[in-house]
Amino acid sequence: MKTKLTRQLESTLYQYCLEQGAYVVEEVGMPDDRGIVDTLSYQQLPDGQVEWRCYELKVTKSDFHSKAKLSFIGHYNYFVLPQTLYEQVQSEIPDHVGVLIYRAFDEQAVALAPQPLRAPGFLTVAKKAQRQELQVPEAPLISHFIASLFREVDKAKRVKKGLQLYSDDQLFKELRKRARKGYDVYDPEANLYDRFLDDTQNDAVTALQTELDARNAEYQALKLKYQRLTAPDLGDQL
């Protein structure tokens, strides 16, 4: 599971790459069994050349020393780290690998922003990466990049469609699973079933009230029409 800090780094890096004019996707499997890179960006340069950049996100010292393979196969390769971690591992970073430092926006800056911020923080370059030759064939790398992009598009479409993708049985099983977490008799609003029943009953009452109002309006219109038809003609009485 990704920690909150990892998600913040990931979100900020994504926005950073977009601002650089690059296409970007997370968790891309590398060709030739070269591991999985946390973030991979693809950028078309003005001279027609293509530039690949690999980013590995680390938030703790144990994470930095993980045995997971580092997929630094790009033209430029970076660690993305919090400042405190960078100070602890600075001497262990290879010469050709760059470092981006993550800093979160403070609450006051977020509150004063004229529009919602697209990322929870910003990145600064603490160490520039040195260019190297691409470490894997480019054709399969492009295929892996496209496959990862498709995965993200498919995921987004599933989220957009939401619960309609699931059968009633699947939804019922999920409700039962969540109910096992406990039922708080002193806080009904915290109980999923109570909230669902309250909302359903409120919707039913609202629907019935709307139906009643419509029928009452129809009744009043018919009553007025009947009164006009049965009222005596004053001209006949004179």
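In the block above lies the structure referred to throughout.
Quantities reported herein were computed from a predicted structural model and do not represent experimental measurements.

Enquirer: Can you walk me through helix α1 (residues 4–19) in this structure?
Expert: Since the α-helix packs 3.6 residues into each turn, any two residues three or four apart lie on the same face. With 16 residues, α1 should cover 22 Å at 1.5 Å per step; its first-to-last C-alpha distance of 23 Å lies within 8% of that length. Of the residues making up α1, those classed as buried are Thr 6, Leu 9, Glu 10, Thr 12, Leu 13, Gln 15, Tyr 16 and Cys 17. Where the residues of α1 are buried, they touch β1 (23–29), β2 (36–44), β3 (50–57), β4 (76–82), β5 (98–104) and β6 (121–127). Directly after α1, the chain includes Gly 21, whose backbone phi takes a positive value near 85°.

Enquirer: Would you mind going over the packing of aromatic side chains with me for this structure?
Expert: Aromatic ring pairs are described here by two measures, namely the spacing of the ring centres and the angle between the planes. Counted under the stated rule, the structure contains eight aromatic pairs. For the pair Trp 52 and Phe 145, a centre-to-centre distance of 5.5 Å together with 85° between the ring planes defines the contact as edge-to-face. Of this pair, Trp 52 sits in strand β3 while Phe 145 sits in helix α5 (residues 138–161), placing them 93 residues apart in sequence. On the basis of relative accessibility, which here comes to 6%, the residue Phe 145 falls in the buried class. Ring geometry for Phe 64 versus Phe 79: centroids 5.0 Å apart, planes at 45°, classification tilted. Of this pair, Phe 64 sits in helix α2 (residues 61–64) while Phe 79 sits in strand β4, and the two are 15 residues apart along the sequence. One aromatic cluster is present, formed by Tyr 23, Tyr 42, Trp 52 and Phe 145 through successive ring pairs. For the cation-ring pair, Arg 53 lies above Tyr 76, with the distance from its terminal atom to the ring centre recorded as 4.5 Å.

Enquirer: Help me out: how do you make sense of the layout of surface pockets in this one?
Expert: One simple way to see leftover space: roll a probe sized like a water molecule over the atoms. Each pocket or cavity is described by its volume, and for the largest pocket that value is around 320 Å³. Residue lining of the largest pocket: 17 residues in total, with Asp 38, Glu 56, Leu 57, Lys 58 and Asp 63 positioned closest to the centre. Counting residues per element, the ones that place at least two in the lining of the largest pocket are α1, β2 and β3. Classifying every residue of the lining of the largest pocket by side-chain character gives six nonpolar, three polar and eight charged.

Enquirer: Quick question: what am I supposed to make of the pattern of salt bridges here?
Expert: When charged atoms on two side chains of opposite charge get close, those side chains can pair. Within the structure shown, the criterion is met by four salt bridges. A salt bridge links Arg 53 to Glu 51; its shortest N-O distance comes to 2.8 Å. The exposure class assigned to Arg 53 is buried, which follows from its relative accessible area of 19%. Note that Asp 63 is salt-bridged to Lys 58, the shortest N-O span being 4.0 Å. Exposure remark for Asp 63: the relative accessible area of 24% places this residue in the partly exposed category. Salt bridges linked by common partners bring Arg 151, Glu 152 and Lys 155 together as one network.

Enquirer: For this particular structure, what's the right way to read the nonpolar core?
Expert: One recurring pattern in soluble globular proteins: nonpolar side chains tend to sit buried together. In this structure, Leu 40, Trp 52, Leu 81, Ile 93 and Leu 141 are the most contacted members of the largest nonpolar core, which totals 25 residues. Of all the secondary-structure elements, those providing two or more residues to this core are β1, β2, β3, β4, α3 (83–89), β5 and α5. In this structure Leu 81 touches Leu 9, Lys 58, Tyr 86, Val 89, Ile 93, Val 99, Leu 100, Ile 101 and Tyr 102, once residues within four positions along its chain are discounted. One finds Leu 9, Leu 13, Tyr 78 and Ala 129 within the second-largest nonpolar core, a separate group that totals 15 residues.

Enquirer: Explanation requested: the pairing of β5 in the structure shown.
Expert: Put simply, side chains in a regular strand alternate between the two faces of the sheet. Most of β5 is tucked away: five of the seven residues are buried. Across five bridges, β4 lies against β5 in parallel orientation. Among the inter-strand pairings, Tyr 78 is bridged to a residue of β5, identified as Gly 98. Following the backbone out of β4, through α3 and into the adjacent parallel β5, one traces a crossover that is right-handed. Here six bridges tie β5 to β6, and the two strands are oriented antiparallel to one another.

Enquirer: Mind showing me how you'd approach the sheet that holds β4 here?
Expert: Paired through backbone hydrogen bonds, the strands of a sheet run either parallel or antiparallel to each other. One open sheet accounts for six strands, arranged β1-β2-β3-β4-β5-β6; its pairing is mixed. The open sheet has two edge strands, β1 and β6, and neither has a second partner. Going from strand to strand, the sheet's axes swing by 30° on average, the running direction of each strand aside. Contacts from α1 reach β1, β2, β3, β4, β5 and β6 within the one sheet, and its direction differs from that of β3 by about 165°. Against the sheet, α5 engages β1, β2 and β3, with an angle of about 100° to β1.

Reading guide: rules and limits
- Residues numbered from 1 in each chain as written.
- Predicted model: local features only at pLDDT ≥ 70, side-chain atom pairs only at ≥ 80, totals over all residues.
- Heavy atoms only, no water.
- Helix = DSSP H or I, 4+ residues; strand = E, 2+ residues; numbered from the N terminus.
- Expected span 1.5 Å × (residues − 1).
- Buried < 20%, exposed > 50% of the residue type's maximum accessible area, 1.4 Å probe, protein only.
- Contact = heavy atoms within 4.5 Å.
- Phe/Tyr/Trp six-rings, centres within 6.5 Å; stacked < 30°, edge-to-face > 60°.
- Lys NZ or Arg CZ within 6 Å of the ring centre and 35° of its normal.
- 1 Å grid on protein atoms, 1.4 Å probe; cavity = no way out; pocket = protein on both sides within 12 Å on 5 of 7 lines; lining within 4 Å.
- Points joined across faces, edges and corners; volume = space filled by probe spheres on them.
- Nonpolar A, V, L, I, M, F, W, Y, C, P; charged D, E, K, R; others polar.
- Salt bridge = Lys/Arg side-chain N within 4 Å of Asp/Glu carboxyl O.
- Core = buried A, V, L, I, M, F, W, Y, C linked by side-chain atoms within 4.5 Å.
- Pairing = 2+ DSSP bridges.
- Right-handed = clockwise from strand over helix to strand, strands pointing away.
- Axes fitted to C-alpha atoms, helices over the stretch in contact; angles between N-to-C directions.

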